[in-house]
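Okay, here's what each chain looks like letter by letter:
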Amino acid sequence: MTLIDLHSHFLTPSYVEAARSAGHTSPDGMPGWPDWDPARHLALMDECGITTSLLSVSSPGTHFGDDRAARRLSREVNEAGASLRADHPDRFGHLASLPLPDVDGALAEAVHALDELGSDGVTVETNAHGRYLGDPAFAPLWAELDRRRTVVLVHPTSPPHAAELTAGRPRPMLEFVFDTARTYTDLMLSGTLTRFPGVRWITTHCGGALPALADRIELFRTAFGDGGAPVPDQLRSLWFDTAGTPFPHQVPALERTVGVERLVYGSDSCWTPAAAVRAQVASLDTAPPAADGRGWRELTTANARRLLG
């Protein structure tokens, strides 16, 4: 049984150069930038039985402080992603980068990517220069994506003051999973998820810390009079990918929290090295089946097809 990979990354030399010029020489505290090549990516897909990968640009995204430059860079990487999709239409899809916190630029780029480039959805980071996704200023973007029923992959990035928080350790180790929880807590408690139910949110890395914190967030929502829908109900409206270390602990915790009807596969390649992707797929293939009896390849592939229509 094949897999559909909804969380997979690509790079272009000009994008890496722009990021390095903006000071991202050790992005998110990682040792450096990975080397990406479409032929190697396709070979790894073949080896792991992955039919299709939706490509996106990972953290730190495309906005490095200047709106005009961010619009240009977003357009450039999105055209590169669309070209890869056109060259390999049965193997690659594409999620377009948006230059948040520039809302006007993000709106324009989303419309261009979805209407002109044929992108399969968009990707945003968990925060845009410290502004989380429930920020009221972002509502026009969510309204447009809601109207279009757009797939939105929310990729974690470094939180504000990351250097002080991490003692030099790579931020994906801990801070990415907590920033995922921060931004979805903001989306839930601000009412954004319920106001824009047409957006098809993909939550990465099995929801980060959300499964462990869901009951605590709901306790505070009710104890201190926050309005809106119950947190468990809002979480069940999201889609969750398996990028990272899904077994033996994360997927079972997620299954107990939200079920498996919206669980999809994600490799996090090329930021996850090939050997780790192979091990991750092996863990998927050897794990006990889901509560409904399905294996994880069958289940996540069926869910991905339903999500993507």
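Here the structure is shown first, and the text comes after it.
Residues numbered from 1 in each chain as written. Predicted model: local features only at pLDDT ≥ 70, side-chain atom pairs only at ≥ 80, totals over all residues. Heavy atoms only, no water.

Caption draft 1: Representation of the overall build of the protein chain. Scanning the protein chain for helices and strands turns up 13 helices and 10 strands. Taking 2.2 N^0.38 as the reference for a compact globule, 309 residues should give roughly 19 Å; the C-alpha atoms of the protein chain span a radius of gyration of 18 Å, in line with that estimate. Each principal axis of the C-alpha distribution contributes one length, and for the protein chain these read about 50 × 45 × 40 Å. The 309 residues of the protein chain split such that 54% are buried. On the protein chain, the mean spot of the 27 positive side-chain charges and the mean spot of the 38 negative ones are 2 Å from each other. (Helix = DSSP H or I, 4+ residues; strand = E, 2+ residues; numbered from the N terminus. Rg over C-alpha atoms; globule rule 2.2 N^0.38 Å. Buried < 20%, exposed > 50% of the residue type's maximum accessible area, 1.4 Å probe, protein only. Lys, Arg positive; Asp, Glu negative; His and termini not counted. Charge placed at Lys NZ, Arg CZ, Asp CG, Glu CD.)

Caption draft 2: Main features of the sheet that holds strand E4 (residues 121-125). Pairing is parallel in the open sheet, where 8 strands are placed in the order E1-E2-E3-E4-E7-E8-E9-E10. The outermost strands of the open sheet, each flanked by one partner alone, are strand E1 (3-9) and strand E10 (263-264). Relative to strand E8 (residues 200-203), strand E7 (residues 151-155) runs parallel, the two sharing 4 bridges. By the bridge assignment, Val151 is partnered in E8 with Arg200. (Pairing = 2+ DSSP bridges.)

Caption draft 3: Just the side chain of Thr52, in detail. Note that Thr52 resides in strand E2 (residues 50-56). There is a polar contact of 3.3 Å between the side chain of Thr52 and the backbone oxygen of Asp90. Discounting chain neighbours no more than four positions away, the residues touching Thr52 are Leu3, Ile4, Asp5, Met45, Asp90, Arg91, Phe92 and Gly93. (Polar contact = N/O pair within 3.5 Å; in protein donor to acceptor, adjacent residues only side chain to side chain. Contact = heavy atoms within 4.5 Å.)

Caption draft 4: Fine view of the side chain of Thr203. By secondary structure assignment, the location of Thr203 is in strand E8. By relative accessible area, Thr203 is classed as buried at 0%.

Caption draft 5: Structural context of the environment of Pro246. Turning to its location among the elements, Pro246 is positioned in helix H11 (residues 246-258). Since its relative accessible area comes to 1%, Pro246 is described here as buried. Each C-alpha atom of the pair Pro246 and His205 lies 7.7 Å from the other, and the pair is 41 residues apart in sequence. Residues in contact with Pro246, not counting those within four places in the same chain, are Cys206, Val251, Pro252, Gln280 and Ser283.

Caption draft 6: Just the nonpolar core, in detail. Among the nonpolar cores identified, the biggest contains 72 residues, and Leu100, Trp142, Leu145, Trp201 and Trp296 are the most heavily contacted of them. At 6 residues, the largest contribution of residues to this core is made by helix H4 (residues 103-117). Those residues in contact with Trp201, other than ones at most four positions away along the chain, are Trp142, Val152, Val154, Tyr184, Leu187, Leu193, Phe196, Leu238 and Trp239. Core analysis: the next-biggest nonpolar cluster, separate from the first, contains 11 residues, Leu54, Leu95, Leu153 and Ala304 among them. (Core = buried A, V, L, I, M, F, W, Y, C linked by side-chain atoms within 4.5 Å.)

Caption draft 7: Main features of the pattern of salt bridges. Summed over all chains, the structure comprises 18 salt bridges. Its salt-bridge partner being Arg148, residue Glu144 comes within 2.7 Å of it at the nearest N-O pair. Taken together, the residues span about one helical turn, with Glu144 and Arg148 both in helix H5 (residues 139-148) at a distance of 4 residues. Residue Glu144 is classed as buried on the basis of its relative accessible area of 17%. Owing to a relative accessible area of 26%, Arg148 belongs among the partly exposed residues under this scheme. Through salt bridges that share partners, Asp115, Glu144, Arg147 and Arg148 make up one connected network. (Salt bridge = Lys/Arg side-chain N within 4 Å of Asp/Glu carboxyl O.)

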